Amino acid sequence: MSLGGASERSVPATKIEITVSCRRPDVLPSPPPPAVVVLYTQSRASQEWREFGRTEVIDNTLNPDFVRKFVLDYFFEEKQNLRFDVYNVDSKTNISKPDFLGQAFLALGEVIGGQGSRVERTLTGVPGKKCGTILLTAEELSNCRDIATMQLCANKLDKKDFFGKSDPFLVFYRSNEDGTTVKIDVYDWDRDGSHDFIGEFTTSYRELSKAQNQFTVYEVLNPRKKCKKKKYVNSGTVTLLSFSVDTEFTFVDYIKGGTQLNFTVAIDFTASNGNPLQPTSLHYMSPYQLSAYAMALKAVGEIIQDYDSDKLFPAYGFGAKLPPEGRISHQFPLNNNDEDPNCAGIEGVLESYFQSLRTVQLYGPTYFAPVINQVARAAAKISDGSQYYVLLIITDGVISDMTQTKEAIVSASSLPMSIIIVGVGPAMFEAMEELDGDDVRVSSRGRYAERDIVQFVPFRDYVDRSGNQVLSMARLAKDVLAEIPEQLLSYMRTRDIQPRPPPAVNPSPTPAPEQP
């Protein structure tokens, strides 16, 4: 599902609490000087670092485990860069450059995507000196995740308050701060919006939960009628027939439990992109700035890679003639290795993409189905929730195999897989909008896609007018990635897959004393 143009920052999916520990080298004086950690966050627009907060100061230990935690808003679709500076301090309040012990740079997604949402980084920044390490643990902060499902039956009790002819609905209120008492109002639905109040009753969570074993009947009372009528009994009854509670799991639960995001790239090498040696080409490799293809790849890949432990990404091209015989291929590995199309990191994907531009001939036509089916075959092999596949297709024009692509998407919609399509250049992308099932679910041969797994956006809608490529990439990533967490959750829910418990974490060993 596409989310439109470059919008304002969205509401965070959740809040993340970061716990910090340090392991300093055993070369400090005894007792060790007090230590403090300062967290900086980086602005998306200006790239400036701003202090976010500090831990407390801890004395007399090489291995401080700080109690004060940092609570950050978490946006999966954004690259949230963090910097942790560690200082040895001589007083409780003063820190200065000479006391600087080291620093670590990483993204919030790296912490969440680490094993058990925990990472350890070597501190750097002081040439020729061992600075120790910093350990970071992420914990999601959330309110109650229990979802209560109830089956209720409304019944008449007297003729003047006749539930049988009404269309009742219930409104639930928490009556006290701890939520133990629940007030429920009963209304008669009216199409013009002036709903008639029938009555009310009160209960508690504990009492509601008894309906797991027995029916519970509540009298619906109307206070006004009760005051006016001496013989008033009630305005009907509501019977609770069943009550069940399920836990709502979050995206972070699955990532913390070990679910990996597998990222695959497919790039359009058709001739309509123009000669890569010419500045007018959408593939032009300028020494001064990235092409739209490279920006789209970096924008999406640099975020998703934080949730893939091996950082190996299959990367393909389509629509080119390959040397030496000039065979047309709609799914060739960018690294020219048919046995292993994986590239090391996003930089490795970019290098292979640039190398392919130098060796293949841009040709055509534009076929999506082969690469969609390739990723779908991999996704079909793993259905236990340990892997979720994200395919990024970057293209400049009209699709030539629409029928086959629709069939591939419908088949893939039942798999742990999402597809992102980014259109580059000035072309009209009406066909791509058809694949993005915002309004009408994609169908093929009478079958409809089980889930909406395709998101399409034209890159031109996100280009910063001032030429700030970093901002352009951030805007693009924000919209094309925003729904990946919910798509992952929808797959897990339909398959009743619960997140695995976080893996046990071995305590970090104390750094060995530095050798003379």
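Residues numbered from 1 in each chain as written. Predicted model: local features only at pLDDT ≥ 70, side-chain atom pairs only at ≥ 80, totals over all residues. Heavy atoms only, no water.

## Observations concerning the overall build of the chain
Within the chain, the secondary structure is distributed over 11 helices and 26 strands. Classification of the 516 residues of the chain by burial places 49% in the buried group. Counting only contacts in the chain whose residues sit at least 6 apart along the sequence, the fraction spanning at least 24 positions is 69%. Carbon together with sulfur atoms contributes 50% to the accessible area of the chain, which is approximately 25,800 Å² in total. (Helix = DSSP H or I, 4+ residues; strand = E, 2+ residues; numbered from the N terminus. Buried < 20%, exposed > 50% of the residue type's maximum accessible area, 1.4 Å probe, protein only. Contact = heavy atoms within 4.5 Å. Areas by Shrake-Rupley, 256 points an atom, 1.4 Å probe, with all protein chains shown as cover.)

## A look at empty space enclosed by the protein
Counted according to the given criterion, the structure contains two cavities of 30 Å³ or more. Its boundaries defined by the atoms lining it, the largest cavity holds a volume of some 60 Å³. As for the largest cavity, its lining consists of Y254, G257, G258, T259, D384, G385, M492, I497, Q498, P499 and R500. Classifying every residue of the lining of the largest cavity gives four nonpolar, five polar and two charged. Lining the second largest cavity are Y74, F75, F76, E78, K79, Q80, A107, L108, G109, I303, D306 and Y307. Looking at the lining of the second largest cavity residue by residue, the classes come out as seven nonpolar, two polar and three charged. (1 Å grid on protein atoms, 1.4 Å probe; cavity = no way out; pocket = protein on both sides within 12 Å on 5 of 7 lines; lining within 4 Å. Points joined across faces, edges and corners; volume = space filled by probe spheres on them. Nonpolar A, V, L, I, M, F, W, Y, C, P; charged D, E, K, R; others polar.)

## Re the sheet that holds strand β5 (residues 81-88)
With antiparallel pairing, four strands are arranged side by side in an open sheet as β3-β2-β5-β6. Looking at which strands have only one partner, the edges of the open sheet turn out to be β3 (49-54) and β6 (100-107). Pairwise comparison of adjacent strand axes, ignoring direction, gives a mean angle of 25° for this sheet. In the sheet, strand β2 (residues 35-42) pairs with β5 via seven bridges, with the strands oriented antiparallel. (Pairing = 2+ DSSP bridges. Axes fitted to C-alpha atoms, helices over the stretch in contact; angles between N-to-C directions.)

## Side note on the environment of G199
Positionally, G199 belongs in strand β12 (residues 196-204). Between the C-alpha atoms of G199 and S235, which are 36 residues apart in sequence, the distance is 6.5 Å. Non-local contacts of G199, meaning those with residues more than four positions away in its chain, are made with I184, D185, V186, V220, L221 and N222.

## Comments concerning the nonpolar core
With 83 residues, the main nonpolar core has I18, F84, I134, F263, F269, V422 and L481 as its most contacted residues. The dominant element in this core, judged by the number of residues it contributes, is helix α5 (residues 292-304), at 10 residues. Both domains that meet at this core, namely domain 1 (14-141) and domain 3 (251-495), each give it at least three residues. Beyond its immediate chain neighbours, meaning those up to four positions away, I134 contacts V20, S21, C22, V37, F84, V86, A104, V119, E120, R121 and L123. By size, the runner-up hydrophobic cluster in this structure holds 30 residues, among which are V375, M402, I409 and V454. (Core = buried A, V, L, I, M, F, W, Y, C linked by side-chain atoms within 4.5 Å. Domains from an automatic or database assignment.)

## Focus on the side chain of K406
Take K406: it is sitting in helix α8 (residues 402-412). A distance of 2.3 Å separates a polar atom in the side chain of K406 from a polar atom in the side chain of E434. Excluding anything up to four places from it in sequence, K406 contacts E434, L435, V442, S443 and S444. (Polar contact = N/O pair within 3.5 Å; in protein donor to acceptor, adjacent residues only side chain to side chain.)

## A look at the packing of α5 against helix α10 (residues 469-481)
Relative orientation of the contacting elements α5 and α10 amounts to 60°, with a least axis distance of 9 Å. Relative to α10, the element α5 is oriented oblique. Considering the relative orientation of α5 and α10, their crossing is right-handed. Across from M295, A296, K298, A299, V300, I303 and I304 in α5, the residues of α10 making contact are Q469, M473, L476, A477, V480 and L481. Classifying every residue of the contact of α5 with α10 by side-chain character gives 11 nonpolar, one polar and one charged. (Parallel < 35°, antiparallel > 145°, perpendicular 65-115°, else oblique. Left-handed = near helix turned anticlockwise from the far one by under 90°.)

## Quick notes on α5
For the α-helix, the turn length of 3.6 residues means that residues three or four positions removed from each other point alike. Taking 1.5 Å per residue, 13 residues should reach 18 Å; α5 reaches 19 Å between its end C-alpha atoms and fits that length. Along α5, 12 of the 13 residues are buried, which leaves the element largely enclosed by surrounding structure. Turning to α5, its buried residues number three or more, namely A292, Y293, A294, M295, A296, L297, K298, A299, V300, G301, I303 and I304. Contacts made by the buried residues of α5 are with β15 (260-268), α6 (345-359), β22 (387-395), β23 (417-423) and α10. (Expected span 1.5 Å × (residues − 1).)

## Things to note about the pattern of salt bridges
Inspection of every chain in the model, using the stated rule, returns 18 salt bridges. Across the pair R445 and E407 runs a salt bridge, and its minimum N-O distance is 3.5 Å. Here R445 is found in the loop between β24 (443-444) and β25 (447-448), whereas its partner E407 is found in helix α8, with 38 residues between them in sequence. Classification of E407 as partly exposed rests on a relative accessible area of 26%. One salt bridge in this structure joins R493 and E486, with 2.4 Å as the shortest N-O distance. (Salt bridge = Lys/Arg side-chain N within 4 Å of Asp/Glu carboxyl O.)

## Here we look at the confidence of the model for the chain
Per-residue confidence for the chain averages 88 on the pLDDT scale, and 89% of its residues sit at or above 70. Taken together, the stretch residues 1-9 has pLDDT below 50 and engages in 28 contacts with residues farther than four places along the chain or on a different chain. Here residues 508-516 is a poorly scored stretch, pLDDT under 50, and it has 11 contacts once near neighbours within four places are set aside; other chains count. (pLDDT = per-residue confidence, 0-100.)

## Digging into α8
Buried within α8 we find M402, T405, K406, A408, I409, V410 and A412. Buried residues belonging to α8 abut α7 (369-380), β23, α9 (430-435), β24, β25 and β26 (454-458).

## What to know about the side chain of D253
Checked against the element boundaries, D253 lands in helix α4 (residues 251-256). D253 sits in the buried class, given a relative accessible area of 17%. Side-chain polar atoms of D253 contact the backbone nitrogen of T250, separated by 2.9 Å.

## Re the environment of P341
By secondary structure assignment, the location of P341 is in the loop between β19 (332-333) and β20 (342-344). Exposure remark for P341: the relative accessible area of 13% places this residue in the buried category. Considering only alpha carbons, one finds P341 and Y316, 25 residues apart in sequence, at a separation of 7.5 Å. If we ignore the near neighbours within four places in the chain, the residues touching P341 are F313, P314, A315, Y316, P333 and N335.

## As for the packing of α5 against α6
Between α5 and α6, the shortest axis-to-axis distance is 10 Å and the interhelical angle comes to 160°. Between α5 and α6, the angle falls in the class roughly antiparallel. Crossing of α5 over α6 shows right-handed handedness. Across the interface between the two elements, Y293, A294, L297, K298, G301 and E302 from α5 touch I346, E347, V349, L350, Y353 and F354 from α6. Its residues assigned to classes, the contact of α5 with α6 comprises eight nonpolar, one polar and three charged.

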